[in-house]
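Letter by letter, the chains look like this.
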Amino acid sequence: TYEVTKTFSFIASEEHCGQYVKCEAVQKDEEGQILFQEQDVMSRKLSVVFGPQPLESDFMTAFTFVEGDRELEVNIIFAANPVPEDNQAIWHINPTGNASSASHVLQAGHSEEDGKYIALPLNNTQEEGHGIRATLIITYPTVADIENLNYLEVATSKGTQQYHFELEVIEAPLADDNK
């Protein structure tokens, strides 16, 4: 008999999270017949920890609204594990482009007293995945809102990421006069 030790290196990445690594011992003869197979197979589920990831596309399309809309919902879906706490996701709305007394800063799960900006709690969007939805509701958006410098900043112990977004006003569809 021989004692054999085999090792391998494995670099886990974000897409391996939730998958299993299994160690199994099998010995076969020249004809492929099993001579020995370990009964106690070791299996471990991987939990890969990673900070907020950049969006798959560097370009985020503008969130559109019609002047007079009751509200505009801004949804940004990003990946991170574990799911950040609400106080780790901060919305920044800067009318001057710089932080100032006119800036609006609020964390997920909070709203401003006047209800202009409402940041919903973070919501895990997939049961087995790591997609996290951050939602900001802007009530009665106006043309002035498109001038703001807007971004969501998510900061965890594993990293920080900013998600910049723009707003755009579109024309209201014309009523069909043929009806």
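J.: Sorry, what's going on with the layout of surface pockets here?
T.: Of the voids in this model, the largest pocket is the one considered here, and its volume is about 390 Å³. Of the residues contributing to the lining of the largest pocket, the split by class is six nonpolar, two polar and two charged.

J.: Which parts of the structure should I look at to understand the environment of Ala172?
T.: Here Ala172 is to be found in the segment after strand S14 (167–170). The class of Ala172 is partly exposed, set by a relative accessible area of 44%. Along the chain, Ala172 and Asp69 lie 103 residues apart, while their C-alpha atoms are 9.7 Å from each other.

J.: When you look at the side chain of Asn94 in this model, what are you seeing that I'm missing?
T.: Note on placement: Asn94 falls in strand S7 (residues 89–94). One polar contact links Asn94 to Ser103, side chain to side chain, over a distance of 2.9 Å.

J.: I'm lost on the pattern of salt bridges in this one. Help?
T.: Oppositely charged side chains can pair when the atoms bearing their charge come close. On inspection of all chains with the given rule, the structure shows two salt bridges. Linking Arg70 and Glu71 is a salt bridge whose minimum nitrogen-to-oxygen distance equals 3.4 Å. Residue class for Glu71 comes out partly exposed when judged on its relative accessible area of 35%. Across the pair Lys116 and Asp145 runs a salt bridge whose closest N-O atoms are separated by 3.0 Å.

J.: Can you help me understand the confidence of the model for the protein in this one?
T.: Segments scoring low in pLDDT should not have their predicted coordinates read at a detailed level. Across the protein, pLDDT averages 84, with 87% of residues at or above 70. Taking the mean pLDDT of every element in the protein, the minimum, 77, falls on strand S10 (residues 123–124) and the maximum, 95, on strand S9 (residues 117–119).

J.: Any chance you could explain the sheet that holds strand S12 (residues 149–156) here in plain terms?
T.: Through backbone hydrogen bonds, the strands of a sheet pair up, either in parallel or in antiparallel fashion. Here we have four strands laid out as an open sheet, ordered S8-S7-S12-S13, and antiparallel in their pairing. Of all strands in the sheet, those with a lone pairing partner are strand S8 (104–107) and strand S13 (159–165), marking the two edges. Neighbouring strand axes in the sheet, compared pairwise and without regard to direction, differ in orientation by 15° on average. Pairing geometry for S7 and S12, over six bridges, is antiparallel. Looking across to S12, one finds that Asn94 is bridged to Leu149.

J.: Looking at this structure, I do not really get the nonpolar core. What am I missing?
T.: Counting 24 residues, the largest nonpolar core has Val74, Phe78, Trp91, Leu136, Leu152, Phe165 and Leu167 as the members making the most contacts within it. Of all the secondary-structure elements, those providing two or more residues to this core are strand S5 (63–66), strand S6 (71–79), S7, S9, strand S11 (131–139), S12 and S13.

About the cut-offs
Residues numbered from 1 in each chain as written. Predicted model: local features only at pLDDT ≥ 70, side-chain atom pairs only at ≥ 80, totals over all residues. Heavy atoms only, no water. 1 Å grid on protein atoms, 1.4 Å probe; cavity = no way out; pocket = protein on both sides within 12 Å on 5 of 7 lines; lining within 4 Å. Points joined across faces, edges and corners; volume = space filled by probe spheres on them. Nonpolar A, V, L, I, M, F, W, Y, C, P; charged D, E, K, R; others polar. Helix = DSSP H or I, 4+ residues; strand = E, 2+ residues; numbered from the N terminus. Buried < 20%, exposed > 50% of the residue type's maximum accessible area, 1.4 Å probe, protein only. Polar contact = N/O pair within 3.5 Å; in protein donor to acceptor, adjacent residues only side chain to side chain. Salt bridge = Lys/Arg side-chain N within 4 Å of Asp/Glu carboxyl O. pLDDT = per-residue confidence, 0-100. Pairing = 2+ DSSP bridges. Axes fitted to C-alpha atoms, helices over the stretch in contact; angles between N-to-C directions. Core = buried A, V, L, I, M, F, W, Y, C linked by side-chain atoms within 4.5 Å.

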